[in-house]
Each structure stands twice: as C-alpha cells, then as structure tokens.
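Report on the structure
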Amino acid sequence: MIHIQALVKNYKGIQALRGINLRVHPGELFAYLGPNGAGKTTTIRILAGLTRASAGQAWLNGYEITTAALAAKKQFGLVPQHLNLDGELTVTENLLIHGFLHRLPYEAIRRRLEYLLDYVELGDKRQAFVKHLSGGMKRRLMIARALLHEPRILFLDEPSVGLDANIRRRIWALIKKIQQEGVTIFLTTHYIEEAEFLADRVAFLDQGRIVALDTPANLMADLGNWAVDQFSDDNLQAHYFHSREEAQRFAAGTAASFTLRRVNLEDAFLTLTGRKVS
C-alpha cells in the first residue's frame, strides 16, 4: 500500500532523510519510531505531497506521489501532529468544509459525517464549537475528518502527543478499531509504548536512516526477555537475559542497586542507536 524507494531529503546542507527504503502492506499498522529530528514528520510530509523529496520515489496504493499526485492524494487521510481545526466553527462545520474540499456531494458528506461522529464517540458534540472541546476530543475529531473521504491509508503523525495516559489509551483503541476496518495506518510516534502496543511492524529511524525493521516482539526477543537495570556511580546500565532465572542470578551477584523488569521496545532502540526516543 505504501512503497518508498531511496528517499532523500536535504535542507540547506542538512540531510534529513538518507535513502529510505520501505514497504507497508495493505491493512497493516506500521509504526515509524525515532527521536525528535530523526525524519519522521519529513517522511509523512513528502508522502502527503507537502514537501518535495530531494531524490527517490514513493507510491501510495500504486500511484507515484509526483507523477500521479492527485490520485495519490486521494488514497490517504492525514492527522498532523499539531491541531489545525477551526475553533470558531462547530464540529459539523469543520467536517463539512473538509468534505467540500474533497468535492464530495453534500448528502454523502452528511451521511458520512453522522457515521464518523458516532464512530469516534462525538455524536453528542455535533453542534459544539471546536474551541470548547477537550484535547482528546479534538484529536478524535481530527481522525474523523481524515477518514471523511474514505481513504485507503491513514497517516497519524504523533496522534496522542500532549494527552494524558487515560485519553491516550482511548485514542489507541480508536486506532485499532480503524485498522480492523481495513485501513492501512502509518503511525509516527516517540511514545515507545504506543508503538509496542499498536504496531504490527516497527521501523527504527535514526538520523535519517532506518536502522531496524521488524515486529515489536522480534525486536525485543533479539535482545532478551528480562532486563536488570544496575545503578552505580550515578550511571544506569541495563543488562539483558533470556530467562528470569539468569537475570536473578546476575542481580544477586551485584552489590549495586538494581531493578528487575521485562525488556521493552525502548531497550531495543537504545541498543541499536545509543539514543533515547524523546
């Protein structure tokens, strides 16, 4: 559904993307994971036609994003990182405008609008002004807006940024629900637990390059199942083991303070890049 080939982006001598190659399968929930500045948003902006690549090609559902730009744009909905709703308009008015921009017939917009507002649990907010909605409600409205024209692909750029843990979990449930409807989802995030919980596959992006690509389970299993965090001399060092018994034996033999825990996806990222996801 998404095919990226040798994608490069330069900004005034800075190489933001350094030859990205990637395929995302139909119906897949794919997480693009990396620290701020790694190139996540740049990739989405190129795929969405908002930024031109310096080199390389990309296809959305078979349509090349530059030679068949209009057809490619019809394939996706985009939920950007920053809220860009019109706060002075109602929930319904925001969706109507989006439908008109996509040249959908009015009656089709109204039917789809009613369905989606119930789908994202905003049915009782139809006539509410957007400026009066909570942050979580605004995020759900942006997702509804992106789905209005029934795209095959949904780009989610940091969809739960700035939300508290309870609201974030509610957004996660909505994202999985959308995937179950057959929509291919391309998710960028720096919340490591978001990718671990949601994604079928994960790409680790670091300094404009993909440094690993696999399922979350495989990326963690390559490292081990258990971790011992050892604290000494103001430093924290993690040691990884395939069994709890191995981890406990190691911990029993150290005089330093330690914590025993399960390996997570951030451990895999840190091991591969030496950097935290932030």
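Calculation notes
Positions within a chain are numbered from 1, following the residues in the order the chain's sequence is written. Local features in this predicted model are restricted to residues of pLDDT 70 or higher, and side-chain atom pairs are both shown and tallied only at a pLDDT of 80 or more, whereas totals for entire chains, interfaces and linings draw on every residue. With hydrogens and water excluded, all non-hydrogen atoms of the structure serve as input to the side-chain values. Only one rule defines a salt bridge in this text: a Lys or Arg side-chain nitrogen within 4 Å of an Asp or Glu carboxyl oxygen. A helix here means a DSSP run of H or I that spans at least four residues, while a strand means a run of E at least two residues long, and both kinds are numbered starting from the N terminus. A simple rule labels every residue: compare its accessible area, found with a 1.4 Å probe on the protein chains alone, to the largest value its type can have, and call it buried under 20%, exposed over 50%, or partly exposed in between. Fitting a line to C-alpha atoms yields each axis, with helices limited to the stretch in contact; the angle taken between N-to-C directions then spans 0 to 180 degrees. Here is the rule for angles: anything less than 35 degrees is roughly parallel, anything more than 145 is roughly antiparallel, 65 through 115 is roughly perpendicular, and the remaining ranges are oblique. Should the near helix be turned anticlockwise from the far one by less than a right angle, the crossing is left-handed, and should it be turned clockwise, the crossing is right-handed. In this description, contact between two residues means that some pair of their heavy atoms is separated by no more than 4.5 Å. Polarity classes work like this: nonpolar for Ala, Val, Leu, Ile, Met, Phe, Trp, Tyr, Cys and Pro, charged for Asp, Glu, Lys and Arg, and polar for all others, with Gly in that last group. Any two strands are treated as partners once DSSP identifies two or more bridges connecting them. Multiplying 1.5 Å by the helix residue count minus one yields the expected span of that helix. Here a cavity denotes grid points, spaced 1 Å and computed from the protein atoms alone, that fit a 1.4 Å probe unable to get out, and a pocket denotes an open set having protein on both sides within 12 Å along at least 5 of 7 lines; residues with an atom within 4 Å of a point are the lining. Grid points are joined across faces, edges and corners, and a volume is the space filled by probe spheres set on the points. As used here, the term nonpolar core means buried Ala, Val, Leu, Ile, Met, Phe, Trp, Tyr and Cys residues forming a set that is joined through side-chain atoms within 4.5 Å. Only the six-membered ring of Trp is used, alongside the rings of Phe and Tyr, when aromatic pairs are assigned; centres must lie within 6.5 Å, and planes under 30 degrees apart are stacked while those over 60 apart are edge-to-face, with the rest tilted. Geometrically, a charge over a ring is one whose NZ (Lys) or CZ (Arg) sits within 6 Å of the ring centre while staying within 35 degrees of the ring normal.

1. Looking at the pattern of salt bridges
Using the criterion set out here, one finds 10 salt bridges in the structure. A salt bridge links Arg-110 to Glu-114; the shortest N-O distance between them is 3.6 Å. Of this pair, Arg-110 and Glu-114 both sit in helix α4 (residues 106-119), 4 residues apart, which is roughly one turn of the helix. Under the relative-accessibility criterion, Arg-110 is labelled partly exposed at 25%. Accessibility expressed as a relative area gives 27% for Glu-114, which makes it partly exposed. Here Arg-261 and Asp-267 are joined by a salt bridge, their closest N and O atoms 2.8 Å apart. The network of salt bridges with shared partners includes Arg-110, Glu-114, Asp-118 and Arg-126.

2. Comments concerning the packing of helix α3 (residues 91-101) against α4
Between two packed helices, both the angle of their axes relative to each other and the distance between the axes serve to describe the pair. The N-to-C vectors of α3 and α4 enclose an angle of 135°; their axes lie 10 Å apart at closest approach. For the element pair α3 / α4, the angle class is oblique. α3 and α4 meet at a crossing whose hand is right-handed. Contacts between α3 and α4 pair Val-91, Thr-92, Leu-95, Leu-96, Gly-99 and Phe-100 from the former with Tyr-106, Ile-109, Arg-110, Leu-113 and Leu-117 from the latter. Partitioned by chemical class, the residues of the contact of α3 with α4 number 8 nonpolar, 2 polar and 1 charged.

3. Points about the sheet that holds strand β2 (residues 14-24)
Strand order in the open sheet formed by 4 strands is β2-β1-β4-β5, with antiparallel pairing between adjacent strands. Single-partner strands in this sheet number two, and they are β2 and β5 (63-64). Across 8 bridges, strand β1 (residues 2-11) lies against β2 in antiparallel orientation. Bridge pairing in β2 places Ile-2 opposite Val-24.

4. A few points about helix α5 (residues 135-147)
If you check α5, its first and last C-alpha atoms are 19 Å apart, about what 13 residues at 1.5 Å a residue would give, namely 18 Å. Counted residue by residue, α5 has 10 buried out of 13 residues, so it is predominantly covered. Regarding α5, the residues found buried are Gly-136, Arg-139, Arg-140, Leu-141, Met-142, Ile-143, Ala-144, Arg-145, Ala-146 and Leu-147.

5. Concerning the sheet that holds strand β12 (residues 235-241)
The antiparallel open sheet is built from 3 strands, whose spatial order is β12-β11-β13. Single-partner strands in this sheet number two, and they are β12 and β13 (257-262). Averaged over all neighbouring strand pairs, the angle between strand axes comes to 20°, with direction disregarded. The sheet contact formed by strand β11 (residues 226-232) and β12 spans 7 bridges and is antiparallel.

6. Notes on the layout of surface pockets
Taken as a whole, the largest pocket encloses approximately 720 Å³ of empty space. The element contributing the most residues to the lining of the largest pocket is α3, with 4 residues. In terms of residue class, the lining of the largest pocket is built from 12 nonpolar, 6 polar and 5 charged.

7. Notes on the nonpolar core
Core analysis: the largest hydrophobic core is formed by 50 residues, its most contacted members being Leu-141, Leu-154, Ile-178, Ile-185, Val-202, Phe-204 and Leu-265. With 6 residues, α5 is the single largest residue contributor to this core. Once you skip the residues sitting within four places of it in the chain, Ile-185 turns out to touch Glu-28, Leu-29, Phe-30, Leu-154, Leu-156, Ile-175, Ile-178 and Gln-179. If you look at the next biggest cluster of nonpolar residues, it comprises 25 residues, including Leu-22, Val-24, Ile-65 and Ile-153.

8. Thoughts on unusual backbone geometry
The backbone of Arg-103 sits at a positive phi, close to 60°, despite the residue not being glycine. Of note, Arg-103 is situated in the loop between α3 and α4. Take Arg-103: its relative accessible area is 78%, and that puts it in the exposed class. Although it is not a glycine, Glu-150 adopts a positive phi angle of roughly 55°.

9. Things to note about the packing of aromatic side chains
Scanning the model with the defined rule gives 9 aromatic pairs in all. Their ring planes at 35° and their centres at 5.6 Å tell us that Tyr-115 and Tyr-119 sit as a pair that is tilted. Placement of both Tyr-115 and Tyr-119 in helix α4 is noted, with a separation of 4 residues, approximately one turn of the helix. The partly exposed category is assigned to Tyr-115, whose relative accessible area is 41%. Measuring from centroid to centroid gives 5.3 Å for Phe-241 and Phe-250, while their planes differ by 40°, and the two rings are tilted. An aromatic cluster of three or more residues is present, and its members are Phe-30, Tyr-32, Phe-76, Phe-155 and Phe-186. Against the face of Tyr-11 rests Lys-9, its NZ or CZ located 5.0 Å from the ring centre. Over the face of the ring belonging to Tyr-191 we find Arg-168, whose NZ or CZ atom lies 4.4 Å from the ring centre.

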